[in-house]
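Summary of structural features
Residues per chain are reported as follows:
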Amino acid sequence: MAGSLVLSLEDGLTSEDVLVPLTYEGGILSDYDIISDFGPGIFKVEAKQDIAESISQSSTETLKDNLAGAAGINWVAPLFVNSESGYFQFAADEVIIKLANGAGVEDVLDSDVVS
């Protein structure tokens, strides 16, 4: 979904602290809307409707890289829409796995990997 990203802010920071200043004229998010719909501290950044169709995947990747280096941002990920369900999907900083019946976490992963 070119023109859409998901990002996580550092604990205790708000979109007003970190993201809103980036939406001012000339800021890297001046052509984007900030939407909070993924839980506390996690925001969807979406190209404004009047430019959304002109946004390329490469410009979205450049924006992702620029945001990843911004103060107050933990991580940035591309946003996808599942073609079957229509639900948003994104890669975050966690991985959830399902183990086979009878398998324990310690059988599969080192203790320093699991939290």
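See the structure printed just above.
Everything in this summary refers to the structure shown in the same document. Quick caveat: nothing in here was measured; it's all calculated off a predicted structure.

Let's shift gears to the sheet that holds strand E1 (residues 4-9). Pairing is antiparallel in the open sheet, where 5 strands are placed in the order E2-E3-E1-E4-E5. With one partner strand each, in any of the chains shown, strand E2 (32-35) and strand E5 (88-90) form the two edges of the open sheet. With direction set aside, neighbouring strand axes in the sheet form an average angle of 30 degrees. For E2 and strand E3 (residues 42-47), the ladder comprises 4 bridges, and the chain directions are antiparallel. Bridge pairing in E3 links Ile34 to Val45.

With that out of the way, let us pick up the pairing of E1. In terms of residue burial, E1 counts as a mostly covered element, since 6 of its 6 residues are buried. Relative to strand E4 (residues 73-81), E1 is paired through 5 bridges, and the arrangement is antiparallel. Within E4, the residue paired with Val6 across the bridge is Ala77.

Moving on: the pattern of salt bridges. Pairing is possible between side chains of opposite charge, provided their charged atoms come close. Summed over the entire model, instances satisfying the criterion amount to 3 salt bridges. Asp65 is paired through a salt bridge with Lys64; the nearest N and O atoms lie 3.7 Å apart. One connected set of salt bridges, linked through shared partners, spans Glu61, Lys64 and Asp65.

Turning our eyes to something else, we now look at the nonpolar core. Core analysis: the largest hydrophobic core is formed by 16 residues, its most contacted members being Leu7, Leu9, Leu19, Leu29, Tyr32, Leu67 and Ile73. Those elements that provide at least two residues to this core are E1, E3, helix H2 (57-68) and E4. In this structure, Leu67 is in contact with Leu5, Leu7, Leu22, Ile28, Leu29, Ile73 and Val76, ignoring residues within four places of it in sequence. Val6, Ile42, Trp75 and Ala77 belong to the second-largest nonpolar core, a separate cluster that totals 5 residues.

Within the fold, Ser8 resides in strand E1. Sequence-distant contacts of Ser8, defined by excluding residues within four places in its chain, comprise Gly41, Ile42, Gly72, Ile73, Asn74 and Trp75.

Moving on, we come to H2. Its 12 residues place the ends of H2 16 Å apart at the C-alpha level, agreeing with the 16 Å of an ideal helix rising 1.5 Å per residue. Those residues of H2 not exposed but buried are Thr60, Leu63, Lys64 and Leu67. Summarising the axial view, the buried residues of H2 lie within an arc of 105 degrees, below the 170-degree limit, and thus occupy one face. Check the buried side of H2 and you find it contacts E1, E2 and E4.

The rules behind each value
- Residues numbered from 1 in each chain as written.
- Predicted model: local features only at pLDDT ≥ 70, side-chain atom pairs only at ≥ 80, totals over all residues.
- Heavy atoms only, no water.
- Pairing = 2+ DSSP bridges.
- Helix = DSSP H or I, 4+ residues; strand = E, 2+ residues; numbered from the N terminus.
- Axes fitted to C-alpha atoms, helices over the stretch in contact; angles between N-to-C directions.
- Buried < 20%, exposed > 50% of the residue type's maximum accessible area, 1.4 Å probe, protein only.
- Salt bridge = Lys/Arg side-chain N within 4 Å of Asp/Glu carboxyl O.
- Core = buried A, V, L, I, M, F, W, Y, C linked by side-chain atoms within 4.5 Å.
- Contact = heavy atoms within 4.5 Å.
- Expected span 1.5 Å × (residues − 1).
- Arc of directions from axis to C-beta.

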